[in-house]
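Breakdown of the fold
Next come the chains, spelled out residue by residue.
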Amino acid sequence: MPEARRLAEVVEAVRAYPRLRPKGGGTKPALSTPREGEVPLELGGLSGILEYHPEEFVLTALAGTPIAEVEEALKAHGQYLPFHPPLKGRGATLGGTVAAGLSGPLRHRYGGLRDFLLGVRFVDGEGRVVRGGGKVVKNAAGFPFHRLMVGALGSLGVLVELSFKVFPFPPSTKTLRVRLPGLEAALEALRRLRLLPLDLLALDLVPPATLEIRLGGFPQSVKARLERLQALLEGEKEVLEEDEAHWEAVRDLRFLEGSPIWAKIPAKPQRIPQLEALPLGPRRYLDGGEVLFAGMDGEGLLALRQAGLPHLVLKGAQDPLFPPPPEAFFAKVKEALDPSGRFPLG
Amino acid sequence: MGFLEELKALLPGRVLTREAELAPYESDALTAYRKRPLAVVLPERKEEVIGVVRLCHRYGVPFVARGSGTSLSGGSLPVEGGIVLALNRMNRILRLDPEARIAVVEPGVVNLEVSRQAAPFGLYYAPDPSSQPVSTLGGNVAFNSGGAHCLKYGMTANHVLGLEVVTPTGEVVRLGGESLEGVGPDLHGFFVGTEGLLGVAVEITLRLLPKPEAYHTVLAAYESLEKAGEAVSLIIRKGLLPGAMEIMDRLSIEAAEKAVKAGYPLVEGLLIVELEGPKEEVAEEAKVLEAILEESGALTIRVARSEAERQAIWKGRKAAFSAVGRLSPDYLVQDGVVPRSRLGEALREIQRLSREYGLRVANVFHAGDGNLHPLVLYDGKRPGELEKAEALAGEILKLCVRLGGSLTGEHGIGVEKKGYMPEMFAPEDLEAMERVKRALDPKGLANRGKVLPEVAHA
């Protein structure tokens, strides 16, 4: 099995194999398991932080770097990746996260992966090394290839180097768990909270009717805002004073354990009733109902497809992406960057 | 029928070809460049844009889409023999859905109008380029416009959730959707910032945010620009994340004072810091900020106690460009980016270049994200002075790249900076851009002559 630890080795592998599937930590097997005729390219060794200037809010690392390693370095300076990459505890890498296009529950506060990726260096399907974006937090020069790589499942190139914007982590956090009488009441509360300037770190809906709300900031302010929030909401409330471990479990998608199929499903609060009517397993809506992570079996996946709802399978299916990207645009970009079709799309 | 006849049949009465009608479209906010288009068309519906693009493709006629023409990089400069698609009449907000927190708009909608329409729901559209009272979202999308709040909130790309695009060959595609999360490649994110080279956006889905509950706006005066810059570093080091941090130098302050009488102290460096968020959090952050500004050696500190006082502080900053314009018959604006910690170094070097070239340079910049806005003052009537100003501006761009930054933070490459692209990008990077352009636009019709330097063609 080819393995690349340096840029030159990535280039060499790309030139050597006609069908290549990059693999980082292997935490999303539906995306990293080679299909017939494909050769896996192990990138776990392409690892390490290249540049980190806490004062710039910018970090650059090789694509195979584990999220855990990046977060440890950031934490030493009170900073974090605000898009909250999932599956950190399971060994997810930066590259795999970008290729899959995944963000975790804390994306609610400042935005997702697409909002924090600043630059990329990748090897395209012809073995050419291409850079896009930059290493500064604001930049409008040239075609933004870095944004193109978000969610592209490695279909346009092998990610080698990635630059991210990072932020200070709030000095303290608390979580409020609210159990409402039913889905309708929970959705009503969710809709209300989405319109208020509360600067919540996370706003999750755990079906059927529980909201989990994380607050961050200076201790005095968090206390006062927690009280305001409690006064605002009906239902049975519980405060998690120590909440870090809980959210780490959520971002590792531990609630999906035991489900044969794991999927990410873009959503909206308005779409939740439709999704709730499908035969899905354990699940959680993140970011005020903007995205659902759900466990399911074959029947659930079929129901999703039949309903025409876009989704990405992370584990448990051969054909992970639905629907395919719009042909008239994507096929042209693919032709430009990977004309011989070396990299599969999911 | 020839091209023009077909065009006129497609948009009866809305094809301009007379010299006097074309004149306003010959240039944009980069007034040093002018080109006469063959015709200007005024579509009112997306079907008409699609029709025009298909016609252009069939005849091989280049086209440039244009909104209000506020591009500072010549992004909407016409192509000779080509047409201008003036999209200002497509100015409808098609849907504003507070529950979904989105607005679906036509490309000719003015940026500020979205926030205005969203205000009754407590929502707003975050990107706020200084041009926002006039610039359109189609242009904002093409150039990935920024503003004063990019460090915290990102740029236009981060606020566009979906697009309907006419590709240069006349195909219509929907990229992205309505959710903050998608699956598959972020094609809408990629389209934003490609400066119209890959097609025309005919419908744009924007994300809206809840308007912050409280603001805390402070004006701090310093004896030098370096001191003002150091204060910004201190703020960042203490873990604060202000919504905006802006710095102005003496020349800009004087100009702003003359123009709008904002009541600014006449010092070497002025720093505006704005905190925003829930009132309890802002109150806590304000205490930290106060201590930092004391420590930073500010000569005076003024805190806005009311919305009127806040607006007064911002008034001078927002008027700075046009105010500096009064100091000089002509000026060039650059918008290079440097890593924040290199700001002091960049400013010293700009001052040195200013002396060397014998041209005044006023500095106004977004300090939070390292986005400089040096205004190079010159008199176009003096022979050779424009060329000298351009050379000086070019030196500043190279400096930004050398310090690890970017050629442009928000104005885009356009025609103005394309010659400097090889400073920032390797030939392989530029070739990749070329290949994408060629694949989507084999005839090279969409905004021809922008962004990509001629060397990459070779």
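Up top is the structure these notes are about.
Residues numbered from 1 in each chain as written. Chains lettered and ligands numbered in written order. Predicted model: local features only at pLDDT ≥ 70, side-chain atom pairs only at ≥ 80, totals over all residues. Heavy atoms only, no water.

Right, let's get into the interface of chain B and chain A. Quoted interface sizes are often the accessible area lost when the parts come together. Taken together, the 96 residues of chain B in the interface contact 75 residues of chain A. With both chains or domains summed, chain B and chain A bury close to 6,900 Å², and 61% of this area falls on carbon and sulfur atoms. Scanning the region where chain B abuts chain A turns up 11 salt bridges. Where E181 of chain B meets K264 of chain A, a salt bridge forms, and the shortest distance between an N and an O atom there is 2.5 Å. Counting every contact that joins chain B to chain A gives 43 residue pairs in polar contact (both at pLDDT 80 or more). Listing elements by their share of the side of chain B that touches chain A, those giving two or more residues are α6 (150-153), β9 (172-176), α7 (187-191), α8 (225-237), β14 (269-277), α10 (279-295), α15 (421-424) and α16 (427-440) of chain B. Broken down by element, the side of chain B that touches chain A gets its largest block of residues, 9 residues, from α16 of chain B. Its residues assigned to classes, the side of chain B that touches chain A comprises 43 nonpolar, 25 polar and 28 charged. (Contact = heavy atoms within 4.5 Å. Buried area = accessible area lost by both parts, 1.4 Å probe. Salt bridge = Lys/Arg side-chain N within 4 Å of Asp/Glu carboxyl O. Polar contact = N/O pair within 3.5 Å; in protein donor to acceptor, adjacent residues only side chain to side chain. Helix = DSSP H or I, 4+ residues; strand = E, 2+ residues; numbered from the N terminus. Nonpolar A, V, L, I, M, F, W, Y, C, P; charged D, E, K, R; others polar.)

The next point concerns helix α3 (residues 46-59) of chain B. At 3.6 residues per turn, the α-helix brings residues three or four places apart onto the same side. All names here are of chain B. Here α3 spans 20 Å end to end across 14 residues, near enough to the 20 Å set by a 1.5 Å rise per residue. Those residues of α3 not exposed but buried are K46, E48, V49, I50, G51, V52, V53, L55 and C56. G60 lies just past α3 and shows a positive phi near 70 degrees. (Expected span 1.5 Å × (residues − 1). Buried < 20%, exposed > 50% of the residue type's maximum accessible area, 1.4 Å probe, protein only.)

A few words on the sheet that holds strand β4 (residues 83-86) of chain B. All names here are of chain B. Taken in spatial order, the 4 strands of this open sheet run β1-β2-β4-β3, and their pairing is mixed. Each edge of the open sheet carries a strand with a single partner, namely β1 (15-16) and β3 (63-66). Both β3 and β4 contribute to a ladder of 4 bridges, which runs parallel. By the bridge assignment for β4, F63 is matched with I83. Helix α1 (residues 3-10) rests against β1, β2 (39-41) and β4 of the sheet, and its axis sits at about 20 degrees to β2. Along the sheet, α3 makes contact with β2, β3 and β4, crossing β4 at roughly 170 degrees. (Pairing = 2+ DSSP bridges. Axes fitted to C-alpha atoms, helices over the stretch in contact; angles between N-to-C directions.)

Another point: unusual backbone geometry. The omega torsion of the bond from P207 of chain A to P208 of chain A falls at 10 degrees, within 30 degrees of zero and hence cis. In the segment running from F322 of chain A into P323 of chain A, the intervening peptide bond is cis, with an omega of -10 degrees. You can see P323 of chain A is positioned in the loop between β18 (321-322) and α13 (327-337). Unusually for a residue other than glycine, N144 of chain B sits at a positive phi of about 50 degrees. The residue N144 of chain B is located in the loop between α5 (137-143) and α6 in this model.

With that settled, the discussion passes to the environment of F218 of chain A. Residue position: F218 of chain A is located in the loop between β12 (210-217) and α9 (219-232). C-alpha separation for the pair F218 of chain A and L301 of chain A, spaced 83 residues apart in sequence, amounts to 43 Å. Excluding anything up to four places from it in sequence, F218 of chain A contacts P171 and S172 of chain A together with L240, E281, E284, E285 and V288 of chain B.

Keep in mind these numbers describe shape, not what the thing actually does.
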